[in-house]
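# Observations on chain architecture
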Amino acid sequence: MQRFQRTFTWLSLMGILALALAACGASTQPQGGAATAVPATGGETAATTAPAPAGGTAITWRTRPGDAAEQKVYEELNTLVNTQLAAKGITATYDPAPNQGYFEKLKTELAASNAPDIFWIGGVELADFVATGQILDLQPLVTKDSSFDLGVFYPNVIEQLTRDGKLYGLPRDISTMVVYYNEDMFKAAGLQTPKELAAAGNWNWETMLDASKKLTDPAKQQYGVGFGNWWGPGWGYFINAAGGSPFTADRTGCALDTPEAIEGATFAQNLYTEKLLPAGDADGEALFNAGNVGMYFNGRWFAPGVRTNATFGWDVAPMPKGNTESTWLFWGPYLVNAKTTNPDAAWEVLKILTSAEATGKVAALGTNIPPRSDQAAVDAFLGASPPANNQAYLDGVPYAALEAPVWDGNWADFSGAVQSLWDQMIAGQITPEEFGKQACEQTASTFTK
Amino acid sequence: MVGDILRRPWERALAYVFLVVTSLIMVFPFIFMFASSLKTSAEVVQVPPKLFPAVLQLGNYVEVLGIVPLGTQLLNTVIVTVFVVVGWVLTSVLAGYAFARLTFPGRDTLFSIYLGTLMVPFAVLIVPMYRMMIWLSWVDTLTALIVPWIFTAYGTFLLRQFFISIPKDLEEAALMDGAGRWSILFRIFMPLARPAMATLATFGFLYAWNSFLWPLIIISSPEKKVITQGVVDLQSLYAARVDLIMAGSTLAVLPTLLIFLLAQRYFIEGVATAGLAGR
Amino acid sequence: MSKQIQATAAPGAMPRRAMGAKALRETIDAYSMLLPTIIGVGIFFAVPLLISLYLSFTDARLFGDPKFVGLNNYIRALSDPIFWRAMGNTFVFSVATLVLSTVPALILALLLNEKLFGRSFFRVLYFIPVVASVVGVSLLWRYLLNIDFGFVNYAIKLMGFEPIPWLTSPTWGLMSVIIVFSWKTIGYNMVIFLAGLQSVPRQLYEAASLDGASRWRQFTNITLPMLSPTTFFVLVTTLINCLQVFDVPIALGLTRGNTVGPADSMLTVVPLLWREAFIGSRQGYASTLAWILFLIIMVITVVQFRASNRWVNYD
């Protein structure tokens, strides 16, 4: 009798446990705005929690904020979308995701068929995602929507999104890379700032190198220049600005062994050898914000963080000219999940997310540059200061190299191999010539043509 | 005393110095981490590094709990840890008792096989477990962090060792009285096994609280992540705010330190027993 | 009815039918107690293990159906320079950590075995790094080892040396992982050694002292041999943990470009297989790497056990 009671009690406990766990696991829907459980400032975060859709359509969308300031911006955008679409019965939920593992998470969710309806990716990743077969072709939706003008977006970006007559997404924003500089530091050293040098047509690798050397002071742990150790401000920029390119013209092969590429690599290696910059990847960001770095190369997404953290006067300038003017045009499209339950509702949300008003608002809040060239958007962006010299970002657009998907190869493998060799080069273990040669040897197998 | 290594006073003094220096090496990083978590973001990257902040930035903790979102993640970690620990103890007591005190066909073979599973590196299981979670729709759920992991060969081994050492007459008397084995287990053996259960619970706590690889693979929504993931995300999202990263790391580490200090006996004796038993 | 039989029959002379019933009851009880474990281990261990073996012979990716490719993955691994780099790193890391985390641990254990004031306090302090989360600790060390504002380099400069690029130079990357992991493991090994030391009978030392043996001789002739099973246990477990290290290299070194440490200098086998599976989406290949690691661990452990016959004394 007692034994039976015991067994029964135990079995029911296990049963309850199992039920509780199943209930925990049942909610796989991302909670969107509710994720910011403890709002740091006031009630605006609460407003972005989408109310349970009462018979309307719920669309989830996701993008990747670079930091907390950027995240707030997207939450406000979500409020805007909901306000404008309330009449159509569509509710949008914003789901932020952090830097680390963003693309892996997306791919996992696509595999498990519970990815958000709309999500952002970096431009280079486009080929991988299209290859999954789960990206909705937007061309039919564009064609049947007479109120929508595709031409208002920067054509070079749209070109990257089109393949075989299909349009795979709309750009969220663009971001050119610029030089953030510590104005106080330049003035204290009696040097002309990058902005002044650029205005005088004298802002190039020589003057940049010169300023770096003059501002570097080991005793004060001060560096003249800094940039993250990844393809954007690292090997990508230096090779492009030297007149070369990581890829061949049609992006079906490696071109890192050309003399121009090697020249760019040599210049960059020199910066490290002379210890003119912090050697880590992201450490330079903390140091710039603390006032220890004179110039920092980064995209527009860096601005909100600098605004919050910097205690010195700062501004931006275009990238210095190497053999040619160059910078990156970082961009990322919103893609629509091919398995979305309501493509038309998703299209409505997408149109608002990329509208002049929305992108202007985002721009005004400082995070990014609108992907469209209509005046309203541009004006909103120029007015979003600090930094005062927003024009520097726009100046780069005509000559910028676009980060572009590698349709005929594997970008992850290519960049991983190149990065590894670049690390060895900047540590002085191999020469730039060896870097170029080995890079092309090792990446030959990553191309499919 | 005979057999001592340190006989003369100066040897003892030298030993003390050595012990103090090495214990400082062990502990100083934590002091530094905690002190840095209370600095401003500029103070933390200052050179030469100062140990103590000028003004205690307690606001860092408030701020860090609200982002990532670390507060929720801390809660998730607590939930997962509690369930895993309870699961460990229950399954180990049951299996340990069965292997220790019952005779049944296949007992020794089954036990050897179970023990043998300890040899398999976790890395071998991650890909198929991941695919299984997709199939079960457990991806990105706390369930995936709990259910597969409540079974432990180590725990079973520990409890079995313990139960074997209990004298047989306790059981025989109860059997004579007509008590069933389940009842014997719950009424007699479990209360006796409290020390072993406590030791197992402490190890289970460490295992669950500190686990990283599996949550990294299976959880991607920020509000479902656990604290280990949260701190790493802090590192990538807030690279410029080292002070916040230190605050987050402190939050990740502090609970284990507190529990350790409260339950040191169980931790240390548990490890020591494992070492002795492993011979 | 059965109670009467139990009460009156002599042990070993039970009537067959009662014995059968009793044994059956016991078997049922046992298996019902083992049921959760059997089911759980079956579903969440045995099945994945077999699936993993199967996948290692396929080109499984995140999407799509796996296609059987025979031994291709294994051949590919053996000719992949990144695989060999990871193997090399793992090997160097393991050997260095073995030394760095056992020798100091033994020394500390010997000292703490003495009657020193406050020794349980020290014991607690050494164990603290062991319980702290690896990830939290690694991020902490990431800042301690920073070349610009890290405390370690500050101390190095004070001593008159050049700061060391712990985390940014491919030459030093692996060393950083070794330091952090050893730092974290010393306390654990020390406690095990201490337990082993405390089980060595005092009389042995007393007898040796009476015979005039020096402390060093006592150490080599009594302590080490008596400690050998413990030492063996420490070596085996530390080595197995080293071969499977993941948290420290990833937390210390994962970059935006998905390299582990500068030029993949911190890349060990498990991070490599994680990267192949979840960033490269090559799950078949990753499974192959996992099985290769498994085989290596098995072989090394068997070798260690065989070798132990020569130097380990069990009483």
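Residues numbered from 1 in each chain as written. Chains lettered and ligands numbered in written order. Predicted model: local features only at pLDDT ≥ 70, side-chain atom pairs only at ≥ 80, totals over all residues.

### So, the nonpolar core
The test is simple: Note on definitions: a nonpolar core is a set of buried residues drawn from Ala, Val, Leu, Ile, Met, Phe, Trp, Tyr and Cys, linked by C-beta atoms within 7 Å. Each residue is classed by its C-beta neighbour count within 10 Å, where at least 20 other C-beta atoms makes it buried, 12 or fewer makes it exposed, and intermediate counts make it partly exposed; the C-beta atoms are placed from backbone geometry. Residue pairs are scored as contacts if the distance between their C-beta atoms, which are placed from the backbone, is within 7 Å.
Membership of the largest hydrophobic core comes to 288 residues, with the highest contact counts inside it found for A:Tyr180, A:Val349 and C:Leu273. In this view, C:Leu273 contacts B:Ala123, C:Ala286, C:Leu289 and C:Ala290; residues no more than four positions away in its chain are not counted.

### Things to note about the interface of chain B and chain C
Our working rule: The secondary structure listing takes helices from DSSP runs of H or I that are at least 4 residues long and strands from runs of E that are at least 2 residues long, numbered from the N terminus. Amino acids outside the nonpolar list (Ala, Val, Leu, Ile, Met, Phe, Trp, Tyr, Cys, Pro) and the charged list (Asp, Glu, Lys, Arg) are all regarded as polar, and Gly is one of them.
Taken together, the contact pairs 77 residues of chain B with 81 residues of chain C. It is helix H1 (residues 9-36) of chain B that provides the largest number of residues to the side of chain B that touches chain C, a total of 11 residues. Split into classes, the residues belonging to the side of chain B that touches chain C amount to 58 nonpolar, 16 polar and 3 charged.

### Concerning the packing of helix H12 (residues 259-273) of chain A against helix H20 (residues 432-443) of chain A
Residue and element names in this part refer to chain A. Cut-off, in case you're wondering: In this analysis, axes come from line fits to C-alpha atoms, helices being fitted only over the stretch in contact, and the angle between any two N-to-C directions falls in the range 0 to 180 degrees. When an angle is under 35 degrees it counts as roughly parallel; over 145 it counts as roughly antiparallel; between 65 and 115 it counts as roughly perpendicular; any other value is oblique. By the definition used in this description, the sense in which the near helix is turned from the far one sets the handedness, with an anticlockwise turn below a right angle giving left-handed and a clockwise turn giving right-handed.
Close contact between H12 and H20 brings their axes to 8 Å; oriented N to C, the two are set at 130°. By the angle class used here, H12 and H20 are oblique. The hand of the H12/H20 crossing is right-handed. Along its contact with H12, which presents Ala-261, Ile-262, Ala-265, Thr-266 and Gln-269, the element H20 presents Pro-432, Glu-433, Phe-435 and Gly-436. Classifying every residue of the contact of H12 with H20 by side-chain character gives 5 nonpolar, 3 polar and 1 charged.

### Quick word on helix H6 (residues 134-144) of chain C
Counting buried positions over the 11 residues of H6(C) gives 11, a clear majority of the element. For H6(C), the set of buried residues is C:Val134, C:Val135, C:Gly136, C:Val137, C:Ser138, C:Leu139, C:Leu140, C:Trp141, C:Arg142, C:Tyr143 and C:Leu144.

### Side note on the domain arrangement of chain C
Put simply, an interface is often sized by how much accessible area is lost when its parts join up. Defined as follows: As used throughout, domain bounds are those supplied by an automatic or database domain assignment.
Domain parsing of chain C yields domain 1 (16-55) and domain 2 (72-311). Using only C-alpha atoms to locate each centre, domain 1 of chain C and domain 2 of chain C end up separated by 36 Å.

### Observations concerning unusual backbone geometry
All names here are of chain A. Backbone geometry at Asp-164 places phi at a positive 55°, although glycine is not the residue there. Turning to its location among the elements, Asp-164 is positioned in the loop between strand S4 (162-163) and strand S5 (166-167). What makes Asp-164 exposed here is the crowd of 7 C-beta atoms within 10 Å. Positive phi, normally seen in glycine, also occurs at Gln-221, with a value near 55°. Mapped onto the elements, Gln-221 comes out in the loop between helix H10 (205-215) and strand S8 (223-227).

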